[in-house]
Amino acid sequence: MGAKQVLNKTNIRVLLLVLFLHLLMVLPHNLICTAFAATRTSAASGNWSADATWGGTAPVDGDDVVINSGYIVTLDTTASPRNVTITAPTSNGTSTLAIGANTLNITGSLTLNGGGNNNRRAALTISTGTVTISGSISAPTQAGRTDITFSSNGVLNIAGDFASGINFTASTGTVTYTGGNQSAGGTYTYNDLIISSSGTVTLGGNTIVNGNLTINSGTLDNSNRTLSVAGNYSNSGTHNIANTFSVSGTSDVSGTLNITSTTGTKTFTGLVTVNSGGTWNNSGNETVAFDDGLTTSGTFTGGSGTNTITGNLTVSAGTLSFNGTTSVSQATTISGTATFAGSTTLSSTLSIAAGGTLNTSNGLSVGTTTDISGALNVTGTAGNKTFTEAVTINSGGSFNITVNETVALSGGLINNGTWNNSGNGAVTLQEGLTNNDTFTSGTGTYTFGADQAINGSNAITFSGAVAISNGVTVTNDITVTVSGAITGGNNSSTWENAANSTLNIGGSLLTTGTLTATANPNTVNYNGAGNQ
């Protein structure tokens, strides 16, 4: 009977042990740590791992830690407390947690409580070490008498909110927001700022980044705050901008950048690159300055604000659209699709690569040469379309005028591809016309405003009229058919047929002006149905 009782007691002990071990396996780790957590309060200045610093037992992982009474606790090991509270002393001094070069992982929150005057403070200092906080940083009491100070290139990772009002010194350190929806403090100056969030990080005050701003994931919302970046800007997440934003270094967008208002200014001093898959959306129709050029292979929507590009504009792929006034000081190269719906001034060269397309529905001025291997489409009648130097259409390229609009070719036209004036717009030429491929003139009038030649390997048909300005001589070296009239501005306006050339004229021929057809041989055919 006694042996049976001992066996029963042994079984009960074993059963209880099994149940305990099972609970350890199935309960969340944080609940277990909470159940066994102690609160360790500093009793002297010293190292974190020293029992004497705490008046008995040093903290273990999961403990709550309180540093007060002006003590300085130096982290000399890797530690993972739950909550850390630093409270200013009641007499002058600073209660301090000094991280140094070690690692502190706070699984809860960090609380800083300031004191009764400016000489009674609570401080966290970081040298080259790392502090990771799974919760928030709060300063519920006298925030202005609390400090977070970097002295070197340490790291602070925050998964919760960063309270405003704390005296924050960034030095060469890095702050990373790693949580879900977070408030990013008040008016703070960071060195390097990183957003690696699963939600939205909202600026709580006007913000300065003296180093680089990197958005790896999540959303950075400037709200109505200003933000300036002295270094480089990289965005692989989402960035919402509703006030002044400036970047002194380069800007690289692989995610989404949204400019949502015209408040403040938007200035990009370094080269801006929108990568494939990236999106730039100026839905606020803000004025934007690109001081070192713009390169995009993503989706770029410039809005109806003014876009000033001091440098090159390169559309290497994807789409770009400007609905407002746009200026580019250096070369414009288009390999994707660009749409200029506002008045556009390109002060240097325009090059449209094979597969590239430029659609213009408003004023367009090109300051130097234009080279087309893709397609240039004139789709609107607003503004003037002026090409200051030679326009060259390469094999496979096309210049398409789809509306009744005047196009001024001040530097002449060399067509080795397709010229298609289906909109029957008027065209003015100053430096000659060379046609080696397909030329569809439309019925608009072609005006020759300076001495020049018509030549090339293919014949040309003008389906409308041809006008020769005062004192201008047009020399024809090929076969030209004019379905309408050839008119002159005065008696010195001259059409000259060179040797081996042919002119087929369907309307009147220089009722004012001079025809010179003395070269041998040359032909003039009068093809009109009536008097000529």
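Trainee: Outline the overall build of the protein, supporting the account with residue identities and numerical values.
Mentor: Helix and strand content of the protein: 2 helices and 64 strands. Taken against the 2.2 N^0.38 rule, which gives 24 Å for 532 residues, the C-alpha radius of gyration of the protein at 38 Å runs more than 25% over that of a compact globule. With the C-alpha coordinates aligned to their principal axes, the bounding extent of the protein is approximately 135 × 65 × 30 Å. Within the protein, the proportion of its 532 residues that are buried is 45%. Within the protein, counting contacts between residues at least 6 apart in sequence, those at least 24 apart form 24% of the total. As presented, the protein carries roughly 20,700 Å² of accessible surface, and 48% of it is formed by carbon and sulfur atoms. Of the side chains in the protein, 11 bear a positive and 21 a negative charge, and the two mean positions are spaced by 38 Å.

Trainee: Explain the pattern of salt bridges to me, and be specific about the residues and the numbers.
Mentor: For the structure on display, the rule yields 5 salt bridges. Between Arg82 and Asp64 there is a salt bridge; the shortest N-O distance is 2.5 Å. Taken together, the residues Arg82 in the loop between β4 (72-74) and β5 (84-87) and Asp64 in strand β3 (residues 64-67) connect sequence positions 18 residues apart. By relative accessible area, which is 13% here, Asp64 ends up buried.

Trainee: I'd like a description of the environment of Asn157, backed by residues and values.
Mentor: Structurally, Asn157 can be placed in strand β13 (residues 155-158). The class for Asn157 is buried, based on a relative accessible area of 16%. Counting along the chain gives 21 residues from Asn157 to Thr178, while the straight-line C-alpha distance between them is 6.6 Å. At 3.1 Å, the side chain of Asn157 forms a polar contact with the side chain of Thr132.

Trainee: Describe the nonpolar core, and please don't skip the residues or the numbers.
Mentor: In this structure, Trp280, Phe399 and Phe462 are the most contacted members of the largest nonpolar core, which totals 112 residues. No other element matches strand β18 (residues 192-203), which puts 4 residues into this core. Beyond its immediate sequence surroundings of up to four residues, Phe399 is in contact with Ile372, Leu376, Val378, Phe387, Val391, Ile393, Val407, Thr418, Trp419 and Asn420.

Trainee: Got a sec to walk through the sheet that holds strand β62 (residues 502-505)? Specific residues and values, please.
Mentor: In sheet architecture, strand pairing relies on hydrogen bonds along the backbone and comes in two forms, parallel and antiparallel. Pairing is parallel in the open sheet, where 4 strands are placed in the order β56-β59-β62-β64. Two strands in the sheet have a free side with no partner beyond their single neighbour: β56 (460-462) and β64 (523-526). Each adjacent strand pair in this sheet contributes to an overall mean axis angle of 10°, direction not counted. As judged from the 3 bridges shared by β56 and strand β59 (residues 479-482), these two strands associate in the parallel manner. Paired with Phe462 across the strands is Val482, a residue of β59.

Trainee: I'd like a description of the packing of aromatic side chains, backed by residues and values.
Mentor: Using the criterion set out here, one finds 23 aromatic pairs in the structure. Judged by centre distance (6.0 Å) and plane angle (15°), the rings of Phe268 and Phe290 are stacked. Taken as a pair, Phe268 in strand β27 (residues 266-268) and Phe290 in strand β30 (residues 288-290) lie far apart in primary sequence, 22 residues in all. The burial state of Phe268 is the same as that of Phe290; both residues are buried.

Trainee: How would you sum up unusual backbone geometry? Please name residues and give values.
Mentor: Here the bond from Asn520 into Pro521 is cis, since omega is -5°, no more than 30 degrees from zero. Of note, Pro521 is situated in the loop between β63 (514-516) and β64. Positive phi, normally seen in glycine, also occurs at Ser69, with a value near 60°. Positionally, Ser69 belongs in the loop between β3 and β4. Positive phi, close to 45°, is recorded for Ser171, a residue that is not glycine. The residue Ser171 is located in the loop between β14 (167-169) and β15 (174-177) in this model. Overall, Ser171 belongs to the partly exposed group, its relative accessible area being 36%.

Trainee: Break down the sheet that holds strand β2 (residues 46-47) for me, citing the residues and quoting the values.
Mentor: Here we have 6 strands laid out as an open sheet, ordered β2-β4-β6-β9-β12-β14, and parallel in their pairing. Each of the sheet's edge strands pairs with one partner strand only, and the pair in question is β2 and β14. Here 3 bridges tie strand β12 (residues 146-150) to β14, and the two strands are oriented parallel to one another. Its bridge partner being in β14, Ile148 is matched across the sheet by Phe168.

The rules we used
Each chain carries its own residue numbering, running from 1 in the direction its sequence is written. Given that the model is predicted, a residue must reach a pLDDT of at least 70 before its local features are reported, and side-chain atom pairs must reach 80 or more before they are shown or counted; all residues, however, enter totals for whole chains, interfaces and linings. Side-chain measures were taken over the full set of non-hydrogen atoms in the model, leaving aside hydrogen atoms and water. Helix numbers and strand numbers start at the N terminus; a helix is a DSSP run of H or I with at least 4 residues, a strand a run of E with at least 2. Each radius of gyration is computed over the set of C-alpha atoms, and the globule rule expresses the reference value as 2.2 Å times the number of residues to the power 0.38. Only protein chains enter the accessibility calculation, which uses a 1.4 Å probe. A residue is then buried if its area is under 20% of the maximum for its type, exposed if over 50%, and partly exposed in between. Contacts are assigned to residue pairs that have any heavy atoms within 4.5 Å of one another. Only the protein chains shown count as covering a residue, and every accessible area follows the Shrake-Rupley method with a 1.4 Å probe. Asp and Glu count as negative and Lys and Arg as positive, but His and the ends of the chain are not part of the count. To locate a charge, take atom NZ for lysine, CZ for arginine, CG for aspartate or CD for glutamate. We count a salt bridge whenever a side-chain nitrogen from Lys or Arg sits within 4 Å of a carboxyl oxygen from Asp or Glu. N or O atoms within 3.5 Å of each other form a polar contact, as long as, within protein, one can give a hydrogen and the other can take it, and as long as residues adjacent in sequence are counted only when both atoms are side-chain atoms. We call a set of buried residues a nonpolar core when its members are Ala, Val, Leu, Ile, Met, Phe, Trp, Tyr or Cys and they connect through side-chain atoms within 4.5 Å of each other. Two strands make a pair as long as DSSP finds a minimum of two bridges between them. Comment: axis = line fitted to C-alpha atoms, over the contacting stretch for helices; angle = value between 0 and 180 degrees taken between N-to-C directions. A pair of aromatic rings is counted whenever rings of Phe, Tyr or Trp (Trp by its six-membered ring) have centres within 6.5 Å, and the orientation is called stacked for planes under 30 degrees apart, edge-to-face for over 60 and tilted otherwise.

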